[in-house]
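Results of the structural survey
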Amino acid sequence: MNSQINTPIKKLTFTGLFIALVFVLTFVVRIPSPTGGYINIGDCAVLAAGIILGPLYGAIAAGIGSAVCDVVAGVSIYAPGTLVIKALMALVVGLFYKKCKSNGKLLILLILSELIMIVGYFLYDSLVLYLTGADNVFLASLEEIVGNSLQGAIGVIGAIMLRKLFEDILTKMGGTKEA
C-alpha cells in the first residue's frame, strides 16, 4: 500500500473512491456479451485498486464496486461471481505489486490477474448457463473468452495509466511514493 494512505480516514476515503471508480468505469461502457453479461472497462480501476490500496482494501473496492454494478445493470446473477473474481484480481495485484521492480514484471502481474478474470468468468458462465438449462453451455462460455480477453487488455493498459495518475496525486499530497 502506498505510504501516503496510512491513516484509517485516508484508507476509508480512498477505498470509497475506488469503489465508485470501479462502479463508474464498469457501468459507463457496457457491451453486451453472448451469455447475458457484458464487456466493460472497469478492470482498469480493479487492477489500479490493488496497486494503490494494497491487497485487502483493493480487493474490497474491486469486489464491491463491480458486484454493485452487476446488480444495478440488471445482471444480478453475475454479482456473486463478480464479487469473488474482481476481489481476487485486486488481491493478487496488491500482494505482489511491491515485488515488481520493473515495468516488465508489472505487466506480467497485471496479465496474470486478468487471466484470473478470464478463467473465473469462463467457469462462472458455465455454471450459470448449466443451472439455467441453456444449450451449448461450453460453446457459449468459450465465446466469452474473446470479449474477456479484450476487456483484460484494456484493463492492463488503463491500470498502468491510473497507477501513474494516482501516484502523482499521492505524491502531491505529500510523502513518498512507496513504503
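Residues numbered from 1 in each chain as written. Predicted model: local features only at pLDDT ≥ 70, side-chain atom pairs only at ≥ 80, totals over all residues. Heavy atoms only, no water.

What to know about the overall build of the chain
Secondary structure summary: the chain contains 6 helices and 2 strands in total. When the elements of the chain are put in sequence order from the N terminus, they spell out α-β-β-α-α-α-α-α. On C-alpha atoms alone, the chain measures out to a radius of gyration of 16 Å, which is about the 16 Å that the 2.2 N^0.38 rule sets for 179 residues. Its C-alpha atoms give the chain principal-axis dimensions of about 55 × 30 × 25 Å. Of the contacts made within the chain by residues no fewer than 6 positions apart, 73% connect residues no fewer than 24 positions apart. Element-wise, carbon and sulfur atoms account for 75% of the exposed surface of the chain, whose accessible area totals about 8,700 Å². One way to put it: in the chain the 12 positive side-chain charges average out to a point 18 Å from where the 10 negative ones average out. (Helix = DSSP H or I, 4+ residues; strand = E, 2+ residues; numbered from the N terminus. Rg over C-alpha atoms; globule rule 2.2 N^0.38 Å. Contact = heavy atoms within 4.5 Å. Areas by Shrake-Rupley, 256 points an atom, 1.4 Å probe, with all protein chains shown as cover. Lys, Arg positive; Asp, Glu negative; His and termini not counted. Charge placed at Lys NZ, Arg CZ, Asp CG, Glu CD.)

Comments concerning the packing of helix α5 (residues 103-131) against helix α6 (residues 137-173)
Taken N-terminus to C-terminus, the directions of α5 and α6 make an angle of 150°; their axes are 8 Å apart at the nearest point. Between α5 and α6, the interaxial angle falls into the category roughly antiparallel. The element α5 and its partner α6 pack so that their crossing is right-handed. Residues that form the contact of α5 with α6 fall into these classes: 18 nonpolar, 8 polar and 4 charged. (Axes fitted to C-alpha atoms, helices over the stretch in contact; angles between N-to-C directions. Parallel < 35°, antiparallel > 145°, perpendicular 65-115°, else oblique. Left-handed = near helix turned anticlockwise from the far one by under 90°. Nonpolar A, V, L, I, M, F, W, Y, C, P; charged D, E, K, R; others polar.)

What to know about the pattern of salt bridges
It is possible for side chains bearing opposite charge to pair when their charged atoms get close. In this structure the tally under the stated criterion is 3 salt bridges. The salt bridge involving D43 is made with K86; its shortest N-O contact spans 2.3 Å. On the criterion of sequence distance, the pair formed by D43 in helix α2 (residues 43-53) and K86 in helix α4 (residues 79-96) is long-range, its members being 43 residues apart. For the pair D43 and K86, a shared accessibility class is recorded, and that class is buried. Close ionic contact of K164 with D168 constitutes a salt bridge, the shortest N to O distance being 3.0 Å. In this pair, K164 and D168 both sit in helix α6, 4 residues apart, roughly one turn of the helix. Note on D168: relative accessible area 28%, which makes it partly exposed. (Salt bridge = Lys/Arg side-chain N within 4 Å of Asp/Glu carboxyl O. Buried < 20%, exposed > 50% of the residue type's maximum accessible area, 1.4 Å probe, protein only.)

Digging into a positive patch on the surface
A grouping of K98, K99, K101 and K105 is seen on the molecular surface, where their side chains present a positively charged patch. Structurally, the position occupied by K101 is in the loop between α4 and α5. (Patch = residues over 30% accessible without salt bridge, like charges linked within 9 Å, V, L, I, M, F, W, Y side chains within 5 Å.)

Observations regarding the confidence of the model for the chain
A low pLDDT score tells you not to read the predicted coordinates there in detail. Counting all residues, the mean pLDDT for the chain is 90, and 94% of those residues have values of 70 or more. Within the chain, the lowest mean pLDDT, 84, falls on strand β2 (residues 38-39), and the highest, 98, falls on α4. (pLDDT = per-residue confidence, 0-100.)

Concerning a nonpolar patch on the surface
A grouping of L56, I60, I64, V68, V72, L83 and V84 is seen on the molecular surface, where their side chains present a nonpolar patch of about 570 Å² in accessible area. Counting only elements with at least two residues in the nonpolar patch, the list comes to α3 (55-72) and α4. Considering each element in turn, the nonpolar patch owes the most residues, 5 residues, to α3. As for its position among the elements, V72 is in helix α3.

Side note on helix α1 (residues 8-28)
Taking 1.5 Å of rise per residue, 21 residues should cover 30 Å, and α1 covers 30 Å from first to last C-alpha, within 8% of that figure. Among the residues of α1, F14, T15, F18, V22, L25 and T26 are the ones counted as buried. For α1, the buried positions fall inside an angular range of 105° around the axis, keeping them on one side. Residues of α1 that are exposed and point more than 90 degrees away from the buried face comprise I9, L12 and V28. Of the surrounding elements, those touching the buried residues of α1 are β2, α2, α3 and α6. (Expected span 1.5 Å × (residues − 1). Arc of directions from axis to C-beta.)

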